[in-house]
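Chain by chain, the residues:
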Amino acid sequence: MTVELVTVLFGLTLLVKVRLMLLAMVRLTLLVMAAEYQMVLAQQLSQLQQ
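Let us look at the structure shown here.

Conventions we followed
Going along each chain's sequence as written, the residues are numbered from 1 onward. Where local features are concerned, this predicted model is filtered to residues with pLDDT of at least 70; where side-chain atom pairs are given and counted, the filter is 80 or more; whole-chain, interface and lining totals use all residues. Heavy atoms from the whole structure form the basis of all side-chain values; hydrogens and water molecules are not counted. The numbering of helices and of strands both runs from the N terminus, where a helix is a DSSP run of H or I of at least 4 residues and a strand a run of E of at least 2. As a reference, a globule follows 2.2 Å times the number of residues to the power 0.38, and the radius of gyration itself is taken over C-alpha atoms. Type-normalised accessible area, obtained with a 1.4 Å probe on protein chains alone, sets the label of each residue: buried when under 20%, exposed when over 50%, and partly exposed for intermediate values. Computed with a 1.4 Å probe, the accessible areas rest on the Shrake-Rupley method; for each residue, only the protein chains presented here act as cover. Patch members must show over 30% relative accessible area and no salt bridge, and they are joined within 9 Å when carrying like charges or within 5 Å when they are nonpolar side chains of Val, Leu, Ile, Met, Phe, Trp or Tyr. Salt bridges are identified by distance alone: a Lys or Arg side-chain nitrogen within 4 Å of an Asp or Glu carboxyl oxygen. Given the number of residues in a helix, its expected span is that number minus one, multiplied by 1.5 Å.

### Notes on the overall build of the chain
Each helix and strand counted, the chain has 1 helix and 0 strands in total. In terms of overall size, the chain is more extended than a compact globule, its C-alpha atoms giving a radius of gyration of 22 Å where 50 residues would be expected to give roughly 10 Å. Expressed as a percentage of its 50 residues, the buried residues of the chain come to 0%. Counting only carbon and sulfur atoms, one obtains 75% of the accessible surface of the chain, whose full area is about 5,100 Å².

Dropping the structure here:
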């Protein structure tokens, strides 16, 4: 009984950790994509101004 509870709690904490890691990775990729997009837009604007 207690061993099952411990394993269930351990599995839940692992799931939460994995979810948090995935969310952090998604946020990082979105931030990188947004930064690249802004850089491309800035380059296009500078080319238009020239």
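Having seen the model, we can carry on.
### A look at the environment of K17
Mapping K17 onto the fold places it in helix α1 (residues 2-49). Placed 25 residues apart in sequence, K17 and A42 show a C-alpha to C-alpha distance of 37 Å.

### Quick word on the environment of E36
Relative to the helices and strands, E36 is located in helix α1. On the basis of relative accessible area, E36 is assigned to the partly exposed category, the value being 48%.

### Side note on a nonpolar patch on the surface
A cluster of nonpolar side chains, contributed by V8, L9, L12 and L15, occupies part of the molecular surface with about 390 Å² of accessible area. Looking at where V8 falls in the secondary structure, it is placed in helix α1. Residue classification places V8 among the partly exposed positions, given a relative accessible area of 49%.

### Let's talk about α1
An ideal rise of 1.5 Å per residue puts 70 Å on 48 residues; α1 measures up with 70 Å between its terminal C-alpha atoms. Counting buried positions along α1 yields 0 of 48 residues, so the element is predominantly exposed.

Remember that the coordinates give geometry; whether it matters functionally is a separate question.
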